[in-house]
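What the coordinates show
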Amino acid sequence: MITQPLGKTGLSVSRLAYGCMRIAGTWDPKEITAAREAAAFASLRAAYEAGYTLFDHADIYAQTGCESLHGKLLKEEPSLREKAMIATKCGIRFGGDPQPDSPHRYDFAGEHIVWSCEQSLTRLNTDYVDIYQLHRPDVLMDVGEVAEAFAKLKEQGKVRFFGVSNFSPSFVDLLQSRLPDPLVVNQIEVSLSHLHPFTDGTLDQCQKDTITPLAWSPVGGGWLASDTFDPGSDWDPARAKLHSTISATAKAHGVSNAEICFAWLLKHPSRMIPIVGSTDPKRISSAVKATEIELSREEWYRLYLAARGEALP
Ligand SMILES: NC(=O)c1ccc[n+]([C@@H]2O[C@H](COP(=O)([O-])OP(=O)(O)OC[C@H]3O[C@@H](n4cnc5c(N)ncnc54)[C@H](OP(=O)(O)O)[C@@H]3O)[C@@H](O)[C@H]2O)c1
């Protein structure tokens, strides 16, 4: 797989990341059967074999189950660890944690960040994570406290680089103002079904500050990638138009709809990395083709206009 620079780290990573959110096949860790574990291993192995070098996790995926599955694979095959840059996240706390009446919330308390990271390391069977990300902006974020927690994790060799997710440009600036090292990623929802980051300053900031945008849900959670769209269904006309434009472009390039969605993101000058969320080994390896598709500006804008649903001024 083609590689590219990662933020200002001086390191290279694969142009597609592998997203581990769905590998458990369930959000309930009690439902992770031997069959589901085997399927998760098959998905992860497909990604390693296809040359993905960036793997994205979060403590909440399958409520810790996804990190544990990856950690189990790394225990069985320790040589995989050096092939991967492992990213994970903290900061979302589900309702009921720690008290039954605790609300669903975000928590960037220094103590919670450090504790969460240590738990992730244990589950992932590793001494360090490559990129540690704050999952969703906690409006109570005290930048000094977060900076201290990051410094501690870095000094102890538990984290190599830090990043954020779903942060607005001003929130990135606020945090960045107290950190000694640059943030390397901002993981955001961006796709042909989610265009705001192109115009709300998020991708401008990434390009200006050399922060790598990691694109989550790059095929809109699945529907953009569907090759079986039925025009007779009850989809609204705007969605149908976008889907048919993707299909026509895919046909012209001899690739799948998903691969066009990834190639469309890859063309942006912020050097975005789409996070591939499929669990299907064939789709995971086929997605690599996207890194070799060169969409013309005309093709890019045709897709953009179909996604906007209205002409540009
Ligand atoms: N930071 C955040 O807040 C946040 C939020 C959500 C996700 N994420 C990250 O982003 C990653 C991707 O998100 P996502 O899973 O929602 O992304 P997605 O790639 O938009 O959607 C994946 C879904 O699309 C389906 N799909 C069908 N055809 C596909 C194809 N050809 N290629 C890829 N997928 C296809 C997959 O089914 P099959 O498995 O059957 O292929 C899967 O159910 C996650 O794993 C996670 O790492 C981050």
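Here's what I pulled together on the structure shown here. (Residues numbered from 1 in each chain as written. Predicted model: local features only at pLDDT ≥ 70, side-chain atom pairs only at ≥ 80, totals over all residues. Heavy atoms only, no water.)

What follows deals with the environment of Q187. Within the fold, Q187 resides in strand β10 (residues 185-189). Judged by its relative accessible area of 2%, Q187 is buried. With near-sequence residues (within four places) excluded, Q187 lies in contact with D56, K89, Q133, V164, S165, N166, L214, W216 and I275. A distance of 2.8 Å separates the side chain of Q187 from the side chain of Q133, its partner in a polar contact. (Helix = DSSP H or I, 4+ residues; strand = E, 2+ residues; numbered from the N terminus. Buried < 20%, exposed > 50% of the residue type's maximum accessible area, 1.4 Å probe, protein only. Contact = heavy atoms within 4.5 Å. Polar contact = N/O pair within 3.5 Å; in protein donor to acceptor, adjacent residues only side chain to side chain.)

Here the amide bond leading from D97 into P98 is cis, since omega sits at 5°, within 30 degrees of zero. Its location among the elements puts P98 in the loop between β6 (92-93) and β7 (105-106). Not every positive phi belongs to a glycine, and Q63 is a case in point at roughly 45°. Positive phi, normally seen in glycine, also occurs at R271, with a value near 60°. Take R271: it is sitting in the loop between α9 (257-266) and β12 (273-276). Given the relative accessible area of 40%, R271 is considered partly exposed.

It is worth spelling out the packing of helix α2 (residues 65-76) against helix α3 (residues 110-124) at this point. One can describe the packing of α2 onto α3 by two numbers: an axis separation of 6 Å at closest approach and a directional angle of 45°. Here α2 is positioned oblique relative to α3, judged by the angle of their axes. Contacts from E67, S68, H70, G71 and L74 in α2 reach S120, R123 and L124 in α3. Partitioning the contact of α2 with α3 into residue classes produces 2 nonpolar, 4 polar and 2 charged. (Axes fitted to C-alpha atoms, helices over the stretch in contact; angles between N-to-C directions. Parallel < 35°, antiparallel > 145°, perpendicular 65-115°, else oblique. Nonpolar A, V, L, I, M, F, W, Y, C, P; charged D, E, K, R; others polar.)

A word on the pattern of salt bridges. In the structure shown here, the tally under the stated rule is 15 salt bridges. Between K30 and D28 there is a salt bridge; the shortest N-O distance is 3.7 Å. Measuring nitrogen to oxygen at the nearest pair gives 2.9 Å for the salt bridge that ties E118 to K158. Of this pair, E118 sits in helix α3 while K158 is found in the loop between α4 (143-155) and β9 (159-165), placing the two residues 40 residues apart along the sequence. In this structure E118 comes out as partly exposed when scored by relative accessible area, which is 28%. Among the charged side chains, a network of salt bridges with common partners joins R81, D130 and R160. (Salt bridge = Lys/Arg side-chain N within 4 Å of Asp/Glu carboxyl O.)

Counted at 1.5 Å a residue, the expected span for helix α11 (residues 297-308) with its 12 residues is 16 Å, and the 16 Å between its end C-alpha atoms agrees. Those residues of α11 that sit buried are E299, W300, L303, Y304 and A306. Projection of α11 onto a plane perpendicular to its axis shows the buried side chains occupying an angular sector of 165°, all on one side. For α11, exposure combined with an orientation more than 90 degrees from the buried face picks out R297 and E298. Residues of α11 that are buried in the fold lie against α6 (196-199), α8 (237-253) and α9. A positive backbone phi angle near 80° is found at G309, which sits one or two residues after α11. (Expected span 1.5 Å × (residues − 1). Arc of directions from axis to C-beta.)

A few words now on the layout of surface pockets. Approximately 760 Å³ is the volume found for the largest pocket. Taken together, 37 residues line the largest pocket, and the ones lying closest to its centre are R22, V219, V276, G277 and S278. When contributions to the lining of the largest pocket are tallied by element, the ones reaching two or more residues are β11 (212-216), α9, β12 and α10 (281-286). Top contributing element to the lining of the largest pocket by residue count: α9, with 3 residues. Tallied by class, residues from the lining of the largest pocket come to 16 nonpolar, 14 polar and 7 charged. (1 Å grid on protein atoms, 1.4 Å probe; cavity = no way out; pocket = protein on both sides within 12 Å on 5 of 7 lines; lining within 4 Å. Points joined across faces, edges and corners; volume = space filled by probe spheres on them.)

Attention now goes to the environment of S168. Inspection of the secondary structure puts S168 in the loop between β9 and α5 (169-176). Considered as a pair, S168 and G157 are 11 residues apart in the sequence and their alpha carbons are 28 Å apart.

With that settled, consider the site of the ligand. Surveying the vicinity of the ligand reveals 27 residues, the closest of which are R22, D56, S217, S278 and R283. Here an oxygen atom of the ligand and a backbone polar atom of M21 are 3.2 Å apart. Residue N166 places a side-chain N or O atom 2.9 Å away from an oxygen atom belonging to the ligand. Considered on its own, the ligand offers 890 Å² of accessible surface; in the complex 88% of this is hidden by protein. (Near = heavy atom within 4 Å. Areas by Shrake-Rupley, 256 points an atom, 1.4 Å probe, with all protein chains shown as cover.)

Here we take up a nonpolar patch on the surface. There is a patch of nonpolar side chains on the surface, built from Y301, L305 and L312 and spanning about 240 Å² of accessible area. On the accessibility criterion, Y301 (36% relative accessible area) is partly exposed. (Patch = residues over 30% accessible without salt bridge, like charges linked within 9 Å, V, L, I, M, F, W, Y side chains within 5 Å.)

Each strand in a sheet pairs with another by means of backbone hydrogen bonds, the pair being arranged parallel or else antiparallel. Strand order in the closed barrel formed by 8 strands is β3-β4-β5-β8-β9-β10-β11-β12, with parallel pairing between adjacent strands. Along the sheet, successive strands turn relative to each other by an average axial angle of 30°, direction set aside. Two strands pair when backbone bridges link them, and strand β4 (residues 54-56) and strand β5 (residues 85-90) are joined in this way by 3 bridges, in the parallel orientation. Paired with D56 across the two strands is A87, which belongs to β5. Set on the sheet, helix α7 (residues 202-209) makes contact with β10 and β11; between it and β10 the angle comes to about 160°. (Pairing = 2+ DSSP bridges.)

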